[in-house]
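Chain by chain, the residues:
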Amino acid sequence: MKIVKIYEDSCVYCHLCEVACIVEHSQSKDIIKAFKRETKPIARCSAEFNYPLSYSVMCRHCDDAPCIEACQTGAMHRDERGYVVVNEDKCVGCWMCIMACPYGVIKKDERREVWGLSTKCDLCPDRETPACVEACPNNALMFEEV
Amino acid sequence: MKIVIIGNSVACINAIEAIREKDKISQIIAVSDEQSRAYSHPLLPNLVIGDISRSDERFYYRSRNFYEKNKVKTVLGKKVVGISSQNRYIKLENDEKISYDRLIITAGGKPFIPKMDGVELEGVHTLTNIKSADKLKKDLINIKKCVVVGGGLIGSKIAEKLAKHGVKVTLVELMKRVLFPVLDDTGAEYIHKELKSLGVKLILGDSVVKLDGNKRVKKAVLSSGKSIDTDAVIVSVGVKPNLEFINESGIEINRGIIVNDYMQTNIDTIYAAGDVTEAYDIVTSQKRPIPILPLAARQGRIAGLNIEGENVKYGGGFPTNSITIGKISFISMGIVDTDKLEILKIKKDGEYRKFIIDDNKLVGMILVGNIEKAGMFNWMIQNRFDVSWLKDTFLNSDFGWQYFSKAFRILRFDRKIK
Ligand SMILES: Cc1cc2nc3c(=O)[nH]c(=O)nc-3n(C[C@H](O)[C@H](O)[C@H](O)COP(=O)(O)OP(=O)(O)OC[C@H]3O[C@@H](n4cnc5c(N)ncnc54)[C@H](O)[C@@H]3O)c2cc1C
Ligand code: SF4
Ligand code: SF4
Ligand code: SF4
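Analysis parameters
- Residue indices begin from 1 for each chain and proceed along its sequence in written order.
- To read the labels, note that chains go from A and ligands from 1, taken in the order they are written.
- For this predicted model, a pLDDT threshold of at least 70 governs which residues receive local features, and a threshold of 80 or more governs which side-chain atom pairs are given and counted, while totals over whole chains, interfaces and linings are taken from all residues.
- Hydrogens and waters are ignored; side-chain quantities use all the structure's heavy atoms.
- Contacts were defined at the residue level, with two residues in contact if any of their heavy atoms lie within 4.5 Å.
- Once two parts are brought into contact, the accessible area they lose, counted with a 1.4 Å probe and summed over both, makes up the buried area.
- By definition here, a salt bridge exists when the distance from a side-chain nitrogen of Lys or Arg to a carboxyl oxygen of Asp or Glu is within 4 Å.
- Here a helix means four or more residues in a row that DSSP labels H or I, a strand means two or more in a row labelled E, and each is numbered from the N terminus.
- All amino acids are sorted into three groups, where Ala, Val, Leu, Ile, Met, Phe, Trp, Tyr, Cys and Pro are nonpolar, Asp, Glu, Lys and Arg are charged, and the leftover types, Gly among them, are polar.
- Take the buried residues of types Ala, Val, Leu, Ile, Met, Phe, Trp, Tyr and Cys, join any two whose side-chain atoms come within 4.5 Å, and each joined set is a nonpolar core.
- Only protein chains enter the area calculation, which uses a 1.4 Å probe; residues under 20% of their type maximum are buried, those over 50% are exposed, and those in between are partly exposed.

J.: I would appreciate a short explanation of the interface of chain B and chain A in the present structure.
T.: By a frequent convention, interface size equals the accessible area lost on bringing the separate parts together. Each partner contributes to the interface: chain B provides 44 residues, whereas chain A provides 44 residues. Of the roughly 3,700 Å² buried between chain B and chain A, counting both surfaces, carbon and sulfur atoms make up 50%. Our count for the contact surface shared by chain B and chain A stands at 6 salt bridges. One salt bridge in this structure joins Lys373 of chain B and Glu48 of chain A, with 3.2 Å as the shortest N-O distance. Elements represented by at least two residues in the side of chain B that touches chain A include exactly helix H7 (293-307), strand S22 (320-325), strand S23 (328-334), helix H8 (374-382) and helix H9 (406-413) of chain B. Class assignment of the residues belonging to the side of chain B that touches chain A gives a composition of 19 nonpolar, 12 polar and 13 charged.

J.: Would you explain the nonpolar core in this entry?
T.: Nonpolar side chains in soluble globular proteins tend to end up buried together. All names here are of chain B. Grouped together as the largest cluster of nonpolar side chains are 170 residues, with contacts concentrated most on Ile83, Ile90, Ile105, Met380 and Phe394. Non-local contacts of Met380, meaning those with residues more than four positions away in its chain, are made with Leu362, Phe385, Val387, Leu390, Phe394, Phe399 and Phe404. Core analysis: the next-biggest nonpolar cluster, separate from the first, contains 15 residues, Leu121, Val124, Val149 and Leu211 among them.

J.: Just to check I follow, could you spell out the pattern of salt bridges for this structure?
T.: In a structure, side chains of opposite charge can pair up when their charged atoms sit close to one another. Residues and elements named next belong to chain B. With the rule as written, the count across this model stands at 36 salt bridges over all chains. In this structure, the salt-bridge partner of Glu310 is Lys22, at a minimum N-O distance of 3.8 Å. Of this pair, Glu310 sits in the loop between H7 and S22 while Lys22 sits in helix H1 (residues 10-22); the two residues are 288 residues apart in sequence, bridging distant segments of the chain. On the basis of relative accessible area, Glu310 is assigned to the partly exposed category, the value being 35%. Note on Lys22: relative accessible area 44%, which makes it partly exposed. The residue Arg288 makes a salt bridge to Asp281 at a minimum N-O spacing of 2.9 Å.

That is the geometry; function is a separate question.
Dropping the structure here:
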């Protein structure tokens, strides 16, 4: 299965992956609207830094996904493509998936009125090449087989 | 093969999914004394106050068509009263028998009710299934004041929800803090504050010894001699495995059904998983029931796979909790309070971090506030990871992959090490 592979030696901590991810998951998929007018989505990848190291990390789409096992509502599930995604209409923001994810790549979105929303990489279901991979100027993220 | 599963909840559903990954042919029958399709028990307090209703899909663990899709026959609203392991059948309360080739017991737990005068009075509730939630919900019109007995997970949650709903709640906890096994004093202080700000009155280090009233409960009497006027009492002092129907089956039990690493009981054809079992706790190195949802799911899956001949080992579990009370979210796991082991902790603006380390292995932790990396510590505990070179970074708010060695990080990112 292809996932986003991480090549840390090529990362220059430019955050373009995060920008692309935010735009891809926005209502309009337009960068200005996504950043200035709409509710800005949370980036599913995180560029992390500890000089001279930097890398962007996101869900590894585990075979034995512990996040699915821990989910109390079945919101966290494997889709038809085999990737691990959140069903927003089922998520109740209990953060049990966060408690279980061995990579620490699930984020809390606490902006919904009633239920929190677990937010993670969905491997861009509307695209052939993930947005972060396409946006990376240095091939520090590549869409490849693991 | 004919596979019968007792219980129709988390462990059962995960067993079904595992079986169907390998085997589309075997017959599967799920038997439960509840009427509903599998649902989320942690949402019961929300159900009581009407945050969520039974017509909301969120409440259910799997979609309506799950059973059809997986070719599972359900027998609902029927209690299992016995097992004949020699003749391989289970017996229902109406004397009906269902034969099996393989049996999985996922009967979960039930509330522990302490022996005390007055527990049979009207207005005394528990909260572990839909039936008890419906009963409490219906009774809400009679409840202005309520005493919650026991400040564990269920007690703290229902106290919070009822207080938000406008009920005057008094929470009585025997120990010196709520959520005793999953928080230390510092961590519990956050929750005490939240509960108090919602108007919950906390009585700690005291216990309810007697309930008074004519037909309906009117008063709770404490061991200190205090007495509290109340319209209702919710008993939430713990759960224990459902074991009545095990009686003469020959299945070995202790506090729960004893299982080996393959989720198999002492009888080859019978497996057990979830809250009903007593499985290996890798942190305390003993077998004991750990009634939490993620372990019920894992054990159910393993039982299902092993019935299909996969030889998958459980490898042990430990308690993990993710709880939100009021505005505070925390995650804790393993051993959280001890003075015998190495402890690293820090309390700073909006967060509390604590780690318990035994001979350079992480055995427990608490994160309050900043919780997003919690699962990385879960992995370290589960895999008995040597943290000697890493532990100095645990207290950093930005703890993450940047603190690992490059070689290890790359292997993990590439999924070369599980
Ligand atoms: C209010 C509440 C809040 C919770 N919150 C959390 C939480 O935040 N985090 C967490 O990890 N866990 C939580 N839990 C625990 C979690 O719900 C359980 O660990 C999980 O449901 C266990 O699943 P199980 O399949 O083992 O058993 P259960 O879910 O208990 O299901 C067992 C089923 O078997 C049926 N059954 C029992 N005996 C018989 C019989 N003789 N015949 C027929 N059927 C029978 C029962 O009626 C039940 O439907 C909570 C539980 C409750 C009640
Ligand atoms: S969210 Fe975490 S646990 Fe779930 S599949 Fe992704 S990396 Fe694995
Ligand atoms: S936060 Fe949402 S996706 Fe995560 S475990 Fe809870 S319900 Fe499931
Ligand atoms: S693959 Fe898509 S969802 Fe995942 S991090 Fe990249 S842009 Fe975001």
